[in-house]
Amino acid sequence: MKIQRREFVAALGVGTTGLAGCTAFGQNDGEAGVTGETLTLTTTTSTYDTGLLDELNAPFQDMYGVTVDAISKGTGAALETARNGDSDVVMVHARSLEDDFMREGYGVNRRDIMFNDFVIVGPEDDPAGIAGMESATEALATIAEEEVTFVSRGDNSGTHTKELALWDEAGVDPGGDWYQETGQGMGQVLNMTNQQSGYTLSDRGTYLSRRADSNLVILVQGPIEGGPDSLSNPYGIMAVNPAVHENVNYDLSMAYIGYITSPEGQERIAEYTANGEQLFFPEALSEDPDFEQYVPEGWSADDSDERA
Amino acid sequence: MSVEAAVDIGPLIVDLSVGRGPLFADFPFESQYVTSIIRVSLYVSGIAVFLSTLVSLPIALVVGFTDFIGKRLVTAVINTGMGFPSVVVGLVVLFTVSNQGPLGHLNLVFTKEAMIISQVILATPPITGISLAAVSSVDESVRDAAYAMGGTRLDVALVVVKEARYGLATAVLAGFGRAISEVGSVLIVGGNIAGANGISKTRTLTTAIRQEARQGRYDTAMVLGAVLLVLVLVVNALVMRLGDGGTVR
């Protein structure tokens, strides 16, 4: 450890740019182009907080001799940063918001990357009695009817977007004392939910990584464990359109998208586990064509309104 | 007995360090992760306070020495600045350095330099305000004596600075405390970036604490909070020590 620290101090003496330079020298032989550049990635808290992103980015950085600056925010904020041209590539999980982003011309070359699912969690004694329900909307309707505490992300994140869509489907306009909008990240919301013995919608990955510290149990499963498809949680990646923001590093964005959707990247996603459980399931590779991943959902060339 | 204890502690430590790799003693983070965060915190706040002091001291001396119409207004403006909400400053700086903003071509967004800009804006009012109070409280006879002995304006200023050094040290420390403990602006303009290798780029102690809290890991957040407190304490002790060194001749 001592040696490591000395090396670290020496490296810092050279400075951060020097550090990046060192990596570049090692890899520069005959490989011109992106070496030494920085890719700014805005992504969601769930990919970051589960630790997946570090696992994916380290090999990419070594492969190209570049640096990936990952900024984790809710899906809405991540897309907004990209809209301002402050990031090169976005990896998020709210298809409706991604579609808006593409329709407005900010995002290009969208790919499906992976999926996991959402689960509805709550206290073990389940005062609302939703355990084992087959339908997520039925469970939410019951929670609203019983007016038991429900903690909402309330932060325009992918999870929040999904939650609002589910309330909408359930025909409930959530409000009142039992419904708490927190504006916090998933881990914190799980903690608050646990402390109040309430219910919440969580992505499975964050729930699994926090399970050891809480008494919350899964009451309605997502599709991975045989639950309803309405709780699926697909992740997509898009490059920021260089025709809109000419400052973005489009080449490197596409290299990153290529890496993430490559057999190697997909394998890393499949092999990533937390507490012994797989958190994300790759879905970029398929023998059958999947054209819908490239365009907004329901888009068709004949539909002139959609193209506007 | 001791073996049992070790077994008990083992999993706890591993649990705290999820995804962080090898451990440094019983500290829940990799040492270079924490070291790099501390370095970023000190670098950003240190430079910001240095620049703020360069701006603040002349302002405080000029305003403190001269009488002019609107002096009370200027003082009021400076004192109002002490209350700038850091998130608002962060937002304004973000819009300025964002690629769509007036300074967009400099590519400052999500860099340490952007964080320094916002912290300079935050630290300058308290440093100016407290310096002004310190300079104003120096007895007028000291200034008169300096003039009487044929001192130039610079000589007089130096004498006043020397007399007011404790107050000025307090001003700098207040600015430093404001800078290193704020989370709102550095999070917005810096983006809380740490590399995949665990080395911080724009992650400070405060944004790291916020991140741990976001994930519900309050225990590790507390550890980082303790580090921050110790750091501020050490800096305060050092600066006060410097002040003492000035008196012992």
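Numbering of residues begins from 1 in every chain and follows the order in which that chain's sequence is written. Here every chain gets a letter starting at A, and every ligand a number starting at 1, in the order they are written. Where totals are concerned, whole chains, interfaces and linings use all residues; where local detail is concerned, this predicted model gives features only for residues with pLDDT of at least 70, and gives and counts side-chain atom pairs only at 80 or more. Side-chain numbers here rest on the full set of heavy atoms in the structure, without hydrogens or water.

### As for the overall build of chain B
A run of H or I in DSSP counts as a helix once it spans at least four residues, and a run of E counts as a strand once it spans at least two, with each numbered from the N terminus. When you go through chain B residue by residue, the secondary structure sums to eleven helices and zero strands. Going from the N terminus to the C terminus, chain B shows its helices and strands as α-α-α-α-α-α-α-α-α-α-α. Buried residues are those whose accessible area, probed at 1.4 Å on protein chains only, stays under 20% of the maximum for their type, while exposed residues exceed 50% and partly exposed ones sit between those limits. Here chain B holds 249 residues, and the buried ones make up 46% of them. Contacts are assigned to residue pairs with any non-hydrogen atoms lying within 4.5 Å of each other. Summarising the internal contacts of chain B: among those between residues at least 6 apart in sequence, 71% fall at separations of at least 24. Areas reported here follow the Shrake-Rupley algorithm with a probe of radius 1.4 Å; residue values treat only the protein chains shown as occluding. When the accessible area of chain B is evaluated, it comes to approximately 12300 Å², of which 70% is carbon and sulfur surface.

### Let's talk about the overall build of chain A
When its secondary structure is counted, chain A shows 13 helices and twelve strands. Considering only contacts in chain A between residues 6 or more positions apart, those separated by 24 or more positions represent 72%. Approximately 13400 Å² of chain A is accessible, and the part contributed by carbon and sulfur atoms is 45%.

### Examining the environment of Gln195(A)
All names here are of chain A. Relative to the assigned elements, glutamine 195 resides in helix α9 (residues 186–195). On the basis of relative accessible area, glutamine 195 is assigned to the exposed category, the value being 64%. In sequence terms glutamine 195 and leucine 216 are 21 residues apart; their C-alpha atoms lie 9.6 Å from each other.

### Notes on the domain arrangement of chain A
Interface size, as often reported, equals the accessible area lost upon joining of the parts. Residues and elements named next belong to chain A. Domain assignment breaks chain A into domain 1 (2–116 + 235–307) and domain 2 (117–231). Listed per partner, the contact involves 16 residues of domain 1 and 15 residues of domain 2. As a working definition, buried area equals the accessible area (1.4 Å probe) given up by two parts on being put together, with both sides summed. Taking both partners together, domain 1 and domain 2 bury about 1200 Å²; carbon and sulfur atoms supply 57% of that area. Together, His93, Asn116 and Glu277 form the three largest contributors to the area buried by domain 1 at its contact with domain 2, with a combined 33%. Each salt bridge in this description consists of a side-chain nitrogen of Lys or Arg and a carboxyl oxygen of Asp or Glu lying within 4 Å of one another. Our count for the contact surface shared by domain 1 and domain 2 stands at one salt bridge. Across the salt bridge formed by glutamate 277 and arginine 211, the nearest N and O atoms sit 3.0 Å from each other. Within 3.5 Å is the distance limit for a polar contact, defined as a pair of N or O atoms, with the added protein rule that one can donate a hydrogen and the other accept it, and that residues adjacent in sequence qualify only through two side-chain atoms. Inspection of the region where domain 1 meets domain 2 yields three residue pairs in polar contact (both at pLDDT 80 or more). Only α3 (45–49), α5 (75–83), α6 (95–103) and β4 (107–123) provide two or more residues apiece to the side of domain 1 that touches domain 2. Throughout, the ten residues Ala, Val, Leu, Ile, Met, Phe, Trp, Tyr, Cys and Pro are labelled nonpolar, Asp, Glu, Lys and Arg are labelled charged, and all others, Gly among them, are labelled polar. In the side of domain 1 that touches domain 2, the residues fall into five nonpolar, ten polar and one charged. An automatic or database domain assignment supplies the residue ranges for each domain.

### Focus: the packing of aromatic side chains
Residue and element names in this part refer to chain A. Two rings belonging to Phe, Tyr or Trp (six-membered ring only in the last case) form a pair when the distance between their centres is within 6.5 Å. Interplanar angles under 30 degrees mark stacking, angles over 60 mark edge-to-face geometry, and anything in between is tilted. For the structure shown, the criterion picks out twelve aromatic pairs over all chains. Judged by centre distance (4.8 Å) and plane angle (40°), the ring pair of phenylalanine 60 and tyrosine 64 falls under tilted. Residue phenylalanine 60 and its partner tyrosine 64 are located together in helix α4 (residues 52–64), separated by four residues, close to a single helical turn.

### Comments concerning the environment of Ile269(A)
All names here are of chain A. Among the structural elements, isoleucine 269 can be located in helix α12 (residues 263–271). Placed 155 residues apart in sequence, isoleucine 269 and methionine 114 show a C-alpha to C-alpha distance of 7.9 Å. When sequence neighbours within four positions are dropped, the list of residues in contact with isoleucine 269 reads Leu52, Leu56, Ile113, Met114, Ile260, Phe280 and Pro282.

### A few points about the interface of chain A and chain B
Contact with chain A, which involves 32 residues of that partner, is made by 30 residues of chain B. Between chain A and chain B, the buried area comes to about 2700 Å², and carbon and sulfur atoms account for 51% of it. Here chain A is connected to chain B by two salt bridges. Measuring nitrogen to oxygen at the nearest pair gives 2.3 Å for the salt bridge that ties Lys201(B) to Asp69(A). The interface formed by chain A and chain B holds eleven residue pairs in polar contact (both at pLDDT 80 or more) in total. Only α1 (2–14), α2 (16–27), α3, α4, β2 (67–73) and α9 of chain A provide two or more residues apiece to the side of chain A that touches chain B. Here the residues of the side of chain A that touches chain B sort into nine nonpolar, 16 polar and seven charged.

### Some thoughts on the environment of Asn194(A)
Residues and elements named next belong to chain A. Secondary-structure assignment places asparagine 194 in helix α9. Each C-alpha atom, one on asparagine 194 and one on aspartate 213, is 9.1 Å from the other, the two residues being 19 residues apart in sequence. Apart from residues lying up to four places away in sequence, asparagine 194 is in contact with Asp213, Ser214, Asn215 and Leu216. A polar contact is formed between the side chain of asparagine 194 and the backbone nitrogen of asparagine 215, at a distance of 3.1 Å.

### Some points on the packing of helix α6 (residues 140–148) of chain B against helix α7 (residues 153–163) of chain B
Residue and element names in this part refer to chain B. Each axis is a line fitted through C-alpha atoms, and for a helix only the stretch in contact is used; angles between axes span 0 to 180 degrees, taken between their N-to-C directions. α7 packs onto α6 with a crossing angle of 145° between their chain directions and a minimal axis gap of 9 Å. Relative to α7, α6 is oriented so that their crossing is right-handed. Along the contact surface, α6 presents Val142, Arg143, Ala146 and Tyr147, while α7 presents Arg153, Val156, Val159, Val160 and Glu163. For the contact of α6 with α7, a count of residues per class yields six nonpolar, no polar and three charged. Should the near helix be turned anticlockwise from the far one by less than a right angle, the crossing is termed left-handed; should it be turned clockwise, right-handed.

### Some details on the packing of helix α3 (residues 71–81) of chain B against helix α5 (residues 112–136) of chain B
Two numbers describe a pair of packed helices, the interaxial angle and the distance between the axes. Residue and element names in this part refer to chain B. For the pair α3 and α5, the least separation of the axes is 7 Å and the interaxial angle reads 135°. Considering the angle they form, α3 stands oblique to α5. Considering the relative orientation of α3 and α5, their crossing is left-handed. Residues Thr75, Ile78, Asn79 and Gly81 of α3 form the contact with α5, whose participating residues are Pro125, Thr128, Gly129 and Leu132. Grouping the constituent residues of the contact of α3 with α5 by class yields three nonpolar, five polar and no charged. Any angle that falls under 35 degrees is termed roughly parallel, while one over 145 is termed roughly antiparallel, one within 65 to 115 roughly perpendicular, and all others oblique.

### Section: the nonpolar core
All names here are of chain A. Buried Ala, Val, Leu, Ile, Met, Phe, Trp, Tyr and Cys residues that are joined via side-chain atoms within 4.5 Å together make up what is termed a nonpolar core. The biggest cluster of nonpolar side chains holds 39 residues, and the ones touching the most others in it are Leu41, Phe60, Met91, Met114, Ile237, Tyr256 and Ile260. Tallying contributions element by element places helix α11 (residues 250–260) first for this core, with six residues. The residue makeup of this core includes at least three contributed by each of domain 1 (2–116 + 235–307) and domain 2 (117–231). Residue contacts for methionine 91: discarding those within four places in its chain leaves Leu41, Thr42, Thr43, Thr44, Thr47, Leu53, Ile113, Met114, Gly236, Ile237, Tyr256 and Ile260.

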